[in-house]
Amino acid sequence: MTRTLLTHARLIDPEAGTVAPGALLLEGGVIRAVLADPAGTEARDGAEVTDCRNAFLAPGIVDLGVKVGEPGERHKESFKTAGLAAAAGGVTTIVTRPDTSPAIDTPEVLEFIRRRANEVAPVRVLPMAALTKGREGREMTELGFLLDAGAVGFTDCDHVVTDTKVLSRALTYARSLGALVMCHPQDPGLSAGASASSGKFASLRGLPAVSPMAERMGLDRDLALVEMTGVRYHADQITTSRALPALERAKRNGFDVTAGTSMHHLTLNEMDVADYRTFFKVKPPLRSEDDRQAVIEAVRSGLIDVIGSFHTPQDEESKRLPFEAAAAGAVGLETMLPVLLRLYHSGELDLPTLFRALSLNPAKRLGLPCGRLAAGAPADLVLFDADKPFILDRFKLQSKSKNTPFDGARLQGKVLQTLVAGRSVYRSA
Amino acid sequence: MRFDQRHLLGIEPLRADEITTLLDLADQYVTLSRRREKHSSLLSGLTQINMFFENSTRTQSSFELAGKRLGADVMNMSMQASSIKKGETLIDTALTLNAMHPDLLVVRHPQSGAVDLLAQKVHCAVINAGDGRHEHPTQALLDALTIRRAKGRLHRLNIAICGDIAHSRVARSNLLLLHKMENRIRLVGPATLMPAGIDAFGVEVYDNMEEGLRDVDVVMMLRLQKERMDGGFIPSEREYYHRWGLDAEKLAHAKPDAIVMHPGPMNRGVEIDGTIADDINRSVIQEQVEMGVAVRMAAMDLLARNLRARPTELSA
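Fair warning: this is a prediction, and the values are worked out from it, not measured in the lab.

1. Focus: the overall build of chain B
Helix and strand counts for chain B come out as 11 helices and nine strands. Taking 20 Å as the expected radius of gyration for a compact globule of 316 residues, we find that chain B reaches 19 Å, a close match to that expectation. Evaluated residue by residue, chain B yields a buried proportion of 59% over its 316 residues. Intrachain contacts of chain B at a sequence separation of at least 6 include 74% that bridge at least 24 residues.

Next up, the structure:
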């Protein structure tokens, strides 16, 4: 069995909250030992040695809520291109969304995409399935069969189940199976037709807008149903300060609740839309600077558990439209780490905190053994230089779709190498 | 005298001196338009295309007349009935247009920002004739010219903009323009028809007409945009008229020489009493229509000068 020794690395340990020089010994696809000696002298015998030259080594990113265009929209993204983008971005596990066409709502479709993913994607792919059939909010899917077929969670993505009776039954049934349910906290009535957050900016641009309060209303309702059913609940994106107290209260009261947020809401605000730039149209819409600051603080304190890219590939045609008519969403698998390093360079988040939200917490929430730098954990790793500057060129991205709001952005930080189960799946040129 | 714009997409990008330049020129076109011989050949040889993705008789005729008086070849394209229905995107429309080599393009579109998008893709000068709830710059300019001619100045006036602010591109453009020219602005109307974030606009907000109109120099009424409303913003038209419709009693709170404006078309008995609208001592609504043609002539003249100053672009 080959042994690999990664020496002279700066190890980011999100569990301990530390960054320290050290070495990692990998064997059989798992981390065999974490060594405090950067040279790894004691483990050198018979090992293939790679000198990390003082770069950062962290557990690979687990990206919760990635849209891949299979089935239905392979022209936007395939498992192969999504996998390549993930590898180039230090994402070692993709957790896919079922908002495909058709929706992933039967065990047969789920098995099809698992097979497709395992054939072509260089990183791990774990699917989520729809909570209701066709994501229509009327009947629950075959939650048990889907769980048996490998669904790691259930979600209707950005479709909110408006019928609370349907939702409460689905949550109760999911609870009996111990399944994780991910919801999109949003009041669908208030947010109908909106493409921006209400405020001075949206008013001046004349865009139909939604009050940020709609997120809190959606979360309040969901949390009441969590209290009623006891389900394991994850809010996909919390993006406003008004929603945070309710989240904090639910956690304090001991409910099995976690929450995520997106890379875009952490690094951009509503003003970035400027003159109707549709690549900045995401769902929920970008928020005020005050909200952005509050969400960063919530990630720092641990109130928000997970950061995801909410990778949503869209072709040029669906974006080159008037803002209201343009499709929402941005690609993010490959850009997430360098973009989020802006928060590290600005001193807003330290690296262990960042990787707690990117790797450790999502892995823990899904019951995965990865996300940690510890003996016995899978050797899913990302090696990166946090300082290397570059200008992002969207046409150089691996994704089939190039809809990133960071085209031309000055970023700092490059992935040098990505390993999945100890095997190199990406190495920067 | 300077006017450094390639397009007229909104009031937001204009400087105060550019607005003054345009209004000064428009004054000359008022004089021209009142002569028996109204024709000039300034735009002779240039092609103007009016492209209306949303129905409008008044604005479209005004632009058409302005172009014809300046000697341009004017073509009207009603986009409602045409290729949009066949699924053509705005970008494809732009490419088609480029092949026709127009010099001036006048666009109205129901979605905010659509005219900006089109302007990025075409080679000619673009005039925004109204996009969604965003801007309607020539309306604000004609209102400004009307005020300046009636009041003798366009600064330090108390101006009330009343009614459906939320759905109105006219209100946004007027707000921006009157701010740039240093006036005091009040917005008067029901809270449901005020845009969000209004506190940050630097205006005074009233939901009571009597208080809102007290001692103002100019009363601008807006049309209740029933077609843009997706659900009940007001309980009924009769309650709206009772509380926010402009009648003699409410107008009595304004200055005795205050003028009354309306961008048209009016809903008589909804936002304005018919007798006020027709009162030649107070209402300048007819003048607004006249100024509309003059302002549009001035805008096209200035854009055409900038167009001619640039080397001919070969279409890519």
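2. A closer look at the domain arrangement of chain B
All names here are of chain B. One can read the domain layout of chain B as domain 1 (7–135 + 290–309) and domain 2 (137–284). Each of domain 1 and domain 2 has a C-alpha centre, and these two points are 25 Å apart. Each partner contributes residues to the interface: domain 1 has 34 residues there, and domain 2 has 26 residues. For the pairing of domain 1 and domain 2, the buried interface totals around 2400 Å² over both sides, and the portion due to carbon and sulfur atoms is 62%. Of all residues in domain 1, the largest losses of buried area upon contact with domain 2 belong to Ile11, Leu23 and Arg133, amounting jointly to 26% of the total for that side. Put simply, domain 1 and domain 2 have four salt bridges between them. At the boundary of domain 1 with domain 2, the tally comes to 11 residue pairs in polar contact (both at pLDDT 80 or more). Secondary-structure elements contributing two or more residues to the side of domain 1 that touches domain 2 are α1 (16–34), α2 (58–69), β3 (104–109), β4 (125–131) and α11 (285–309). Broken down by element, the residue count for the side of domain 1 that touches domain 2 peaks at 10 residues, all from α1. Broken down by class, the residue content of the side of domain 1 that touches domain 2 amounts to 15 nonpolar, eight polar and 11 charged.

3. Quick word on the pairing of β4 of chain B
Residues and elements named next belong to chain B. The element β4 is extensively covered by neighbouring structure, given that seven of its seven residues are classed as buried. The pairing of β3 with β4 spans five bridges and is parallel. Bridge pairing links Val107 to Asn128 in β4. Tracing the backbone out of β3, into helix α4 (residues 114–121) and back to the parallel element β4 gives a crossover that is right-handed.

4. Looking at the UniProt feature "binding site: carbamoyl phosphate" (unreviewed entry) in chain B
Residues and elements named next belong to chain B. Annotation from UniProt places "binding site: carbamoyl phosphate" (unreviewed entry) at Arg58, Thr59, Arg108, His136, Gln139, Gly264 and Pro265. With respect to the helices and strands, Thr59 occurs in helix α2. Excluding residues that lie within four positions of it along the chain, Thr59 makes contacts with Phe52, Arg108, Ala129, His136 and Arg296. By secondary structure assignment, the location of Gln139 is in helix α5 (residues 137–151).

5. Description of the side chain of Arg365 of chain A
Residue and element names in this part refer to chain A. For Arg365, the location among the structural elements is in helix α12 (residues 351–366). Arg365 gets classed as buried once you look at its relative accessible area, which sits at 9%. One polar contact links Arg365 to Thr258, side chain to side chain, over a distance of 2.7 Å. When sequence neighbours within four positions are dropped, the list of residues in contact with Arg365 reads Leu180, Arg232, Tyr233, Asp256, Val257 and Thr258.

6. Comments concerning unusual backbone geometry
In this structure, Pro284 of chain A follows Lys283 of chain A across a cis peptide bond, with omega equal to -5°. The linkage connecting Gly264 of chain B with the following residue, Pro265 of chain B, adopts the cis geometry, with an omega of -10°. Topologically, Pro265 of chain B is positioned in the loop between β9 (259–261) and α10 (274–278). The phi dihedral of Ala421 of chain A falls on the positive side, at around 50°, and the residue is not glycine. Note on placement: Ala421 of chain A falls in the loop between β17 (410–420) and β18 (423–427). In this structure Ala421 of chain A comes out as partly exposed when scored by relative accessible area, which is 35%. With phi around 50°, Arg156 of chain B is a residue other than glycine that occupies positive phi space.

7. Quick word on helix α4 (residues 164–177) of chain A
All names here are of chain A. Over its 14 residues, α4 extends 20 Å from the first C-alpha to the last, a length consistent with the 20 Å expected when each residue adds 1.5 Å. Looking at α4, one finds that the buried residues are Val166, Leu167, Ser168, Ala170, Leu171 and Ala174. On its buried face, α4 is in contact with α3 (143–148), β10 (180–183) and α6 (213–229). The N-cap of α4, judged by a side-chain oxygen 2.9 Å from the amide nitrogen of Lys165 a few residues on, is Asp163.

8. Focus on α5 of chain B
Residue and element names in this part refer to chain B. Taking 1.5 Å as the rise per residue, α5 with 15 residues should run 21 Å; its terminal C-alpha atoms sit 21 Å apart, in good agreement. Taking burial as the measure, the 15 residues of α5 include 13 buried ones, the bulk of the element. Looking one or two places after α5, you find Gly152, whose phi comes out positive at around 80°.

9. A few points about the sheet that holds strand β8 (residues 218–221) of chain B
Residues and elements named next belong to chain B. The strand order β7-β6-β5-β8-β9 describes an open sheet built from five strands, whose pairing is parallel. In the strand order of this sheet, the two ends are held by β7 (204–206) and β9, each with one partner. Geometrically, the sheet is characterised by an average inter-axis angle of 20° between neighbouring strands, direction not taken into account. Contacts from α5 reach β5 (158–162), β8 and β9, with the element oriented near 165° to β9.

Conventions adopted
Residues numbered from 1 in each chain as written. Chains lettered and ligands numbered in written order. Predicted model: local features only at pLDDT ≥ 70, side-chain atom pairs only at ≥ 80, totals over all residues. Heavy atoms only, no water. Helix = DSSP H or I, 4+ residues; strand = E, 2+ residues; numbered from the N terminus. Rg over C-alpha atoms; globule rule 2.2 N^0.38 Å. Buried < 20%, exposed > 50% of the residue type's maximum accessible area, 1.4 Å probe, protein only. Contact = heavy atoms within 4.5 Å. Domains from an automatic or database assignment. Buried area = accessible area lost by both parts, 1.4 Å probe. Salt bridge = Lys/Arg side-chain N within 4 Å of Asp/Glu carboxyl O. Polar contact = N/O pair within 3.5 Å; in protein donor to acceptor, adjacent residues only side chain to side chain. Nonpolar A, V, L, I, M, F, W, Y, C, P; charged D, E, K, R; others polar. Pairing = 2+ DSSP bridges. Right-handed = clockwise from strand over helix to strand, strands pointing away. UniProt positions renumbered as here; feature names shortened; annotations may be inferred. Expected span 1.5 Å × (residues − 1). Axes fitted to C-alpha atoms, helices over the stretch in contact; angles between N-to-C directions.

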